[in-house]
Amino acid sequence: MRELAPQVLGTLARRWGDFAAAEDAVQEALIAAVRRWPTDGVPEQPRGWLLQAASRRMVDQWRSDRARREREARVAAEPAEGEAAQGDDTLTVLFLCCHPVLTPASAVALTLRAVGGLTTAEIARAFLVSEATMAQRISRAKQRIGGERFSMPSPDEHPARLRTVLRVLYLMFNEGYVGSAGTDLTRADLSDEAIRLMRLVHAADDDAEAAGLLALMLLTDARRPARTDAAGDPVPLAEQDRTRWDRARIAEGTALLDRAIGSGAVGEYQLQAAIAALHDRAASADATDWSQILALYGLLEQMTGNKVVTLNRAVAASMVDGPAAGLAILDGVDESLPRLDQLRAHLYELAGDRDRSLVHYRRAAGRATNLAERRYLDAQVARLGS
């Protein structure tokens, strides 16, 4: 159903020209399938069944509208029922959900609903808001793109729209990899869905940055099995059991990266993937090529101006030139940056300044919104304060 839902949605949206109504109709068809298929059996053509059920729902919606005559004219023009068209509009739906008129947060939510197949309740739980709040956010997003043309972007529009799609999937993956809030460090359903959608984009688009982002996701997600202990608390990279890393994903990500870097100009996702690959190839934290990682973070910082990259460059500098070099980079950095205090605490401890380390660990624990991270930071406070 997760695979078929965006295909059916794309067919209806293209046929009727009303994305919001089509999305509602598809949800109704999915509900009907969940109720009937367990007892009646899965039909021979499940896509056709869903399309027919959703089409009937669309007809009912149009007929119940106040503009009855106008809508009945559209119903009369509806093609006769028959074998379902076999075209797959999943990518078109994805690009529409990532339309630049939407905010990143709205685009992520709408993408998870319309393309990812998650329910409104599941998305609300992922972002720790009420179901009603998330329903309103998704509804507003559908209204914003309701009048947009249902088609893939034109050749002139495609590069910019593709960058928006990559950004949305990048944000989705990051939220799954390290939850901004909640009880668990990771949200596997979000990161897995981002990887699935990224595979679709990469398969359809010979773009070096798309390949770089998929490589980055695979190389980063490969460490997931070792990132938490039995209690679900974070395990720092240097302490992870690297035998638990997913070697198949590392191999796939590395191969993608090698092809992408050799195909043209190197972008920010390829640089991040290259850094991830250096970590994944190293047998231990000490065996990591920190000098090369430091150089790559320098390039990435110049390219993006992202201050979170500055934090990562400080870590690499501390591994190459000592903790004082990392702390110097952090001077003057925006104090509101996430995990800044945690990084300072770590570097001060490496420098032998236990008192300052404790101060920053306490501050980091007080600001933590993810409970798994909070437990880890509280443990560091207890260890240094004892």
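First, a word on scope: everything that follows refers to the structure included in this document. Since the model is a prediction, treat every value here as computed from it, not as a measurement. (Residues numbered from 1 in each chain as written. Predicted model: local features only at pLDDT ≥ 70, side-chain atom pairs only at ≥ 80, totals over all residues. Heavy atoms only, no water.)

1. Structural notes on the overall build of the protein
Right, on to step 1. Along the protein, the regular secondary structure elements total 19 helices and 0 strands.
Right, on to step 2. On the principal axes, the C-alpha backbone points of the protein span a range of 80 × 45 × 40 Å.
Right, on to step 3. Counting across all 386 residues of the protein, residues that qualify as buried make up 49%.
Right, on to step 4. The long-range share in the protein, meaning contacts at least 24 apart out of those at least 6 apart in sequence, stands at 63%.
Right, on to step 5. With an accessible surface of roughly 18600 Å², the protein has 50% of that area assigned to carbon and sulfur atoms.
Right, on to step 6. Across the protein, the 48 positively charged side chains and the 53 negatively charged ones have centroids separated by 4 Å. (Helix = DSSP H or I, 4+ residues; strand = E, 2+ residues; numbered from the N terminus. Buried < 20%, exposed > 50% of the residue type's maximum accessible area, 1.4 Å probe, protein only. Contact = heavy atoms within 4.5 Å. Areas by Shrake-Rupley, 256 points an atom, 1.4 Å probe, with all protein chains shown as cover. Lys, Arg positive; Asp, Glu negative; His and termini not counted. Charge placed at Lys NZ, Arg CZ, Asp CG, Glu CD.)

2. Examining the packing of aromatic side chains
Right, on to step 1. For the coordinates displayed, the defined rule picks out 3 aromatic pairs.
Right, on to step 2. A ring pair is formed by Tyr170 and Tyr269, whose centres lie 5.3 Å apart and whose planes are at 55 degrees; its orientation type is tilted. Linking Tyr170 in helix H9 (residues 158-177) with Tyr269 in helix H13 (residues 268-281), this pair joins segments that are 99 residues apart in sequence. Here Tyr170 and Tyr269 have matching classes, each one buried.
Right, on to step 3. Arranged with centres 5.8 Å apart and planes meeting at 15 degrees, the rings of Phe173 and Tyr177 form a pair that is stacked. Of the two residues, Phe173 and Tyr177 are both situated in helix H9; the distance of 4 residues between them amounts to about one turn of the helix.
Right, on to step 4. Here Arg223 stacks its cationic end above the ring of Trp245, 5.9 Å away from the centre of that ring.
Right, on to step 5. Over the aromatic face of Tyr177 sits the side chain of Arg227, whose NZ or CZ is 3.6 Å from the ring centroid. (Phe/Tyr/Trp six-rings, centres within 6.5 Å; stacked < 30°, edge-to-face > 60°. Lys NZ or Arg CZ within 6 Å of the ring centre and 35° of its normal.)

3. Looking at the nonpolar core
Right, on to step 1. Counting 103 residues, the largest nonpolar core has Leu12, Phe19, Leu50, Met198 and Val201 as the members making the most contacts within it.
Right, on to step 2. The residues touching Met198, leaving out its near neighbours within four places in the chain, are Leu166, Leu169, Ala210, Leu213, Leu214 and Met217.
Right, on to step 3. By size, the runner-up hydrophobic cluster in this structure holds 10 residues, among which are Leu358, Tyr361, Tyr376 and Leu384. (Core = buried A, V, L, I, M, F, W, Y, C linked by side-chain atoms within 4.5 Å.)

4. Focus on the environment of Pro323
Right, on to step 1. Relative to the helices and strands, Pro323 is located in helix H16 (residues 323-330).
Right, on to step 2. Along the chain, Pro323 and Ala33 lie 290 residues apart, while their C-alpha atoms are 59 Å from each other.

5. A few points about the pattern of salt bridges
Right, on to step 1. Summed over all chains, the structure comprises 25 salt bridges.
Right, on to step 2. One salt bridge in this structure joins Arg113 and Glu23, with 2.8 Å as the shortest N-O distance. Here Arg113 is found in helix H6 (residues 104-114), whereas its partner Glu23 is found in helix H2 (residues 19-40), with 90 residues between them in sequence.
Right, on to step 3. On the basis of relative accessibility, which here comes to 12%, the residue Arg113 falls in the buried class.
Right, on to step 4. Residues Arg363 and Asp341 are paired through a salt bridge, measuring 3.6 Å at the closest nitrogen-oxygen approach. With Arg363 in helix H18 (residues 354-367) and Asp341 in helix H17 (residues 340-350), this pair connects stretches of sequence that are 22 residues apart. (Salt bridge = Lys/Arg side-chain N within 4 Å of Asp/Glu carboxyl O.)

6. Quick word on helix H15 (residues 307-321)
Three or four residues apart is the spacing at which side chains of an α-helix point the same way, because the helix has 3.6 residues per turn.
Right, on to step 1. Between the first and last C-alpha of H15 there are 20 Å, a value that for 15 residues agrees with the 21 Å anticipated at 1.5 Å per step.
Right, on to step 2. The set of residues buried in H15 consists of Val309, Thr310, Leu311, Ala314, Ala316, Ala317 and Ser318.
Right, on to step 3. Contact partners of the buried residues in H15: helix H14 (290-304), H16 and H17.
Right, on to step 4. At the N-terminal end of H15, a side-chain oxygen is found 2.8 Å from the backbone nitrogen of Val308, two or three residues along, and the residue is Asn306.
Right, on to step 5. Just downstream of H15, Gly322 is the residue with a positive phi angle, here 100 degrees. (Expected span 1.5 Å × (residues − 1). Polar contact = N/O pair within 3.5 Å; in protein donor to acceptor, adjacent residues only side chain to side chain.)

7. Concerning the side chain of Asp280
Right, on to step 1. Among the structural elements, Asp280 can be located in helix H13.
Right, on to step 2. Within the structure, Asp280 has its side chain in polar contact with the side chain of Arg223 (distance 2.7 Å).

8. So, the packing of helix H1 (residues 4-16) against H2
Right, on to step 1. Between H1 and H2, whose axes approach to 9 Å, the crossing angle comes to 140 degrees. In terms of axis orientation, H1 runs oblique to H2. Handedness of the H1/H2 crossing: right-handed. Between H1 and H2, the contacting residues are Ala5, Val8, Leu9, Leu12 and Ala13 on the first element and Phe19, Ala22, Glu23, Ala25, Val26 and Leu30 on the second.
Right, on to step 2. Here the residues of the contact of H1 with H2 sort into 10 nonpolar, no polar and 1 charged. (Axes fitted to C-alpha atoms, helices over the stretch in contact; angles between N-to-C directions. Parallel < 35°, antiparallel > 145°, perpendicular 65-115°, else oblique. Left-handed = near helix turned anticlockwise from the far one by under 90°. Nonpolar A, V, L, I, M, F, W, Y, C, P; charged D, E, K, R; others polar.)

9. Thoughts on the side chain of Thr310
Right, on to step 1. Here Thr310 shows up in helix H15.
Right, on to step 2. The class for Thr310 is buried, based on a relative accessible area of 4%.
Right, on to step 3. The contacts of Thr310, once residues within four sequence positions are left out, are Glu301, Ile329 and Val333.

10. Quick word on helix H10 (residues 188-204)
Right, on to step 1. The terminal C-alpha atoms of H10, which comprises 17 residues, lie 25 Å apart, in line with the 24 Å expected from a rise of 1.5 Å per residue.
Right, on to step 2. Within the span of H10, buried status applies to Leu190, Ser191, Glu193, Ala194, Ile195, Leu197, Met198 and Val201.

11. Considerations on the environment of Pro6
Right, on to step 1. Here Pro6 is to be found in helix H1.
Right, on to step 2. Judged by its relative accessible area of 1%, Pro6 falls in the buried class.
Right, on to step 3. In sequence terms Pro6 and Arg249 are 243 residues apart; their C-alpha atoms lie 26 Å from each other.

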